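Overview (structure and organization)
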Amino acid sequence: NAFCSIHRIANNGVSYFKYGAIIGQQKFFADNKGNSYDGYINGIVQKNNDEYYIGTSNNLLRWNRVTNNTTFVNYAIIDGKSVLNEEVTAHLSYDRLGRLWFLTSTKGIVAIDKNEKLMKRFAVDTVTKNGLMSVWAEYITNGNDGWVWIGTQNGIRRINPVSFELDDLAKTPFNRLRGATCLDIFFDVSGHIWIATVGRGLCKYYIATDTIQQLTV
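One structure accompanies this document, and this report is about it. (Residues numbered from 1 in each chain as written. Predicted model: local features only at pLDDT ≥ 70, side-chain atom pairs only at ≥ 80, totals over all residues. Heavy atoms only, no water.)

Details of the side chain of Lys 107
Topologically, Lys 107 is positioned in the loop between β10 (100–104) and β11 (109–112). For Lys 107, a relative accessible area of 17% gives the class buried. Beyond its immediate chain neighbours, meaning those up to four positions away, Lys 107 contacts Ile 78, Asp 79, Glu 87, Arg 121, Phe 122 and Ala 123. (Helix = DSSP H or I, 4+ residues; strand = E, 2+ residues; numbered from the N terminus. Buried < 20%, exposed > 50% of the residue type's maximum accessible area, 1.4 Å probe, protein only. Contact = heavy atoms within 4.5 Å.)

Thoughts on the sheet that holds β10
Strand order in the open sheet made by the 4 strands is β9-β10-β11-β12, with antiparallel pairing throughout. Looking along the sheet, the strands with just one partner apiece sit at the ends: β9 (89–94) and β12 (118–122). In this sheet, adjacent strand axes meet at a mean angle of 20 degrees when their direction is disregarded. Strand direction decides the pairing type here: β11 and β12, joined by 4 bridges, are antiparallel. Bridge assignment links Val 110 to a residue of β12, and that residue is Arg 121. (Pairing = 2+ DSSP bridges. Axes fitted to C-alpha atoms, helices over the stretch in contact; angles between N-to-C directions.)

Description of the packing of aromatic side chains
One pass over the full model with this rule turns up 8 aromatic pairs. With centroids separated by 5.9 Å and ring planes inclined at 90 degrees, the aromatic side chains of Phe 29 and Trp 63 adopt a geometry described as edge-to-face. Of the two residues, Phe 29 is situated in strand β1 (residues 29–30) and Trp 63 in strand β5 (residues 60–64); the sequence distance between them amounts to 34 residues. Overall, the relative accessible area of 10% leaves Phe 29 in the buried class. Look at Phe 174 and Tyr 205: their rings are 4.8 Å apart centre to centre, the planes differ by 35 degrees, and that puts the pair in the tilted class. Of the two residues, Phe 174 sits in the loop between β16 (166–167) and β17 (181–187) while Tyr 205 sits in strand β19 (residues 202–206), which places them 31 residues apart along the sequence. The pair formed by Phe 174 and Tyr 205 is uniform in burial state, with each residue classed as buried. Joined through ring pairs, the aromatic side chains of Trp 149, Phe 174, Phe 187 and Tyr 205 make up one cluster. Residue placement shows Lys 120 over the ring face of Phe 122; its charged tip is 5.7 Å from the ring centre. A cation over an aromatic ring shows up here: Arg 158 above the ring of Trp 147, its NZ or CZ 4.0 Å from the ring centre. (Phe/Tyr/Trp six-rings, centres within 6.5 Å; stacked < 30°, edge-to-face > 60°. Lys NZ or Arg CZ within 6 Å of the ring centre and 35° of its normal.)

Here you go:
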């Protein structure tokens, strides 16, 4: 009863890797400082026509497809330590102001500005439950309502990208998803919201009736 992902297909097709294949025994992502990377890719978003941000198992990369140059983005000093070569970066998404949001392995949810500097961080406090995010996040995306939506191990949250207000959606139909791990959130062209979960199957939010239906078990 676990739905892991809701796939989207672009108009220009799909590119893919063969798992375990070796491409010319080379490290594809490299900069001019001797840094390189050839591991897992956890997410990718387009910055402009030529550049992409790529989430990896230990860095955030900015890659230029024309020059094949890579920048290892040192977006913050957190707790006195650089995040460079330290943090898993995954599920990258832009907000409506053009700022980049992503998930990290130990630093919670991060938002950086267009200059690749830290704007906001939502730390995860799983011990005292007093943090803004008391559960681990699994997915992040920009919603049709202009908020940043977060799938967590205990339902859904959303964040206002202007005020950075965090809404736990407790007084909405989404409260029904408490206790479920939400792995993917997809907004369709009709404004409906599809949620892939562990424990509740695939769920759909109907905007007209303000209700959630569990489609599978």
